[in-house]
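Observations on the three-dimensional arrangement
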Amino acid sequence: MLLQNAIADALNNTEWAFPLAECFHIPAFALSIGTITLVDLRLLGVALPGENPAKLLKDTQPYTLIGLIIVVLSGFILYLSQTAIYLANASFYFKIIVLLIAIIYNYTIHSKVASSPNVSPGVAKLVAAISLALWVAVVFGGIFIAFV
Amino acid sequence: MTISESIQSIDFLTAIRESALVYPIILGTHLTCIAVFGGMILMTDLRLLGFCLKNLTITEVVTSLRPWKRVGGVVMITCGLLLGSSEAVKYAPNPYFWTKMVVLTCIGIHALVFRPLVYNNTEALDSSPVIPTSAKAAAWLSMFLWLSMACLGRLIAYYEPRQAVQALLLIK
Amino acid sequence: MRTKWMGLLAGGLVIAAVPGFAHHSFSAEYDRSKPISLKGTVTKVEWMNPHARFYVDVKDGGKVTNWEFELGSPNGLMRQGWTRNSLKVGDVVEVNGSRAKDGSNLVNANNVAFEDGKRVLGGASSADDPNTK
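One structure accompanies this document, and this report is about it. Everything quoted here is computed from the prediction, not taken from an experiment. (Residues numbered from 1 in each chain as written. Chains lettered and ligands numbered in written order. Predicted model: local features only at pLDDT ≥ 70, side-chain atom pairs only at ≥ 80, totals over all residues.)

Side note on the interface of chain A and chain B
Contacts between the two partners involve 27 residues from chain A and, on the opposite side, 27 residues from chain B. Counting residues per element, the ones that place at least two in the side of chain A that touches chain B are helix H2 (17-43), helix H3 (53-81) and helix H6 (121-144) of chain A. With 13 residues, H2 of chain A is the single largest residue contributor to the side of chain A that touches chain B. Broken down by class, the residue content of the side of chain A that touches chain B amounts to 19 nonpolar, four polar and four charged. (Contact = placed C-beta atoms within 7 Å. Helix = DSSP H or I, 4+ residues; strand = E, 2+ residues; numbered from the N terminus. Nonpolar A, V, L, I, M, F, W, Y, C, P; charged D, E, K, R; others polar.)

Here it is as structure tokens:
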């Protein structure tokens, strides 16, 4: 799993590389999770009531995708800088597993329900609540890496 | 005792600082707010620039998200106050923290300046054929200031005063 | 406009801040390939988030220097058997860890051994990196 690599050496010998990667990681998750949760709040019926959920999804999807790409790339750089430490961290495993579930969920069930005009409000709310819960879990999983 | 020592020695702040789970949960809540409300702020700014959500009027976007942003702001600031004051001694000499506070002040000034021009003036923006420069300036500045907040917040953890202390000890 | 100038000022401050910070990932700040072992008397314990710290007076010949040791978070430490009272001022301890790359008297503590033979893990990073020996 790329435990010994030239990239890690470069990252650790350039003192600003790690915080710089983090300064991309944080705005990127604000962009991706923020746009996803906006759709969730619409599905829950508590924000932007005048907007059709399918249209909102379509409007936000490019931003979500850009955010996720930057989040994953910057996250990978962070991971490479000290792989052994992350691989021994229970919260890191939790975060990555929930992240994978959240991404898959976002592009399958979540996308389908948000785009579909014939979904019952109850189902829409449930799907949105699960989405919110998943992404909040990813954020907390990330924070707790430093606290386990 | 210095001011920062007397602040952070308040019982519940000490409890937060020495806690097992409370501190990281407050931190996680602070970060979750960045994720959820940062996204809203960004979408409002992008709408002001005319980049997205174009089938909604600026009025709809701004007024609909306003209560959420207020809630988010309150939670963010509460978490920030708890985190910062529980670590007052460490934060007092921290240049990233103080820069972040300056940026937060700028955000407050931004709100005051642009409220009459833009945020309370959305009907005028909607009826204008072209989005006025003031609205666009508000949006760009907002995104820049909030981005700075996020980065500075992360950088707070990077300040290591020991080298400065050691240098001072050498001079002594 | 005043706001524009304040925004530019803040931006300048952000950019100016970038070169000034210290490292924070373990491998960027500490050198695992240069383990260090120190023995001395605990002078201060800071049981706090995000990193607990303690300070030890180490005798070297006739000279006494104060060293700073970084540990993990209280939650992480407690998961490894620490309590806030595990380490007290006056305890004589031997600490093994990785020294800061900048050569200052800062060590990331891997483990702390007490005079009575009880051993407790440190752990800002509890994994032993198999790559470094």
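Considering the nonpolar core
Membership of the largest hydrophobic core comes to 83 residues, with the highest contact counts inside it found for Ala30, Trp135, Val139 and Ile143 of chain A together with Ala35 and Ala138 of chain B. Counting residues per element, the ones that place at least two in this core are H2, H3, helix H5 (90-115) and H6 of chain A together with helix H3 (22-48), helix H4 (58-86), helix H6 (95-119) and helix H8 (133-155) of chain B. Ignoring anything within four residues of it in the chain, the contact list for isoleucine 143 of chain A reads Pro24, Leu27, Gly28 and Leu31 of chain B. With 20 residues, the next largest nonpolar core counts Val42, Ala52, Leu106 and Val107 of chain C among its residues. (Core = buried A, V, L, I, M, F, W, Y, C linked by C-beta atoms within 7 Å. Buried ≥ 20, exposed ≤ 12 C-beta atoms within 10 Å, placed from the backbone.)

Focus on the pairing of strand E4 (residues 92-100) of chain C
Across a regular strand the side chains alternate sides, sitting on one face of the sheet and then on the other. Residue and element names in this part refer to chain C. Judged from the nine bridges that link them, strand E1 (residues 30-46) and E4 form a sheet pairing that is antiparallel. Looking at E4, one finds that leucine 38 is bridged to valine 95. Here E4 runs beside strand E5 (residues 106-114); their pairing, made up of seven bridges, is antiparallel. Counted as the bridge partner of glutamate 94 is alanine 113 from E5. (Pairing = 2+ DSSP bridges.)

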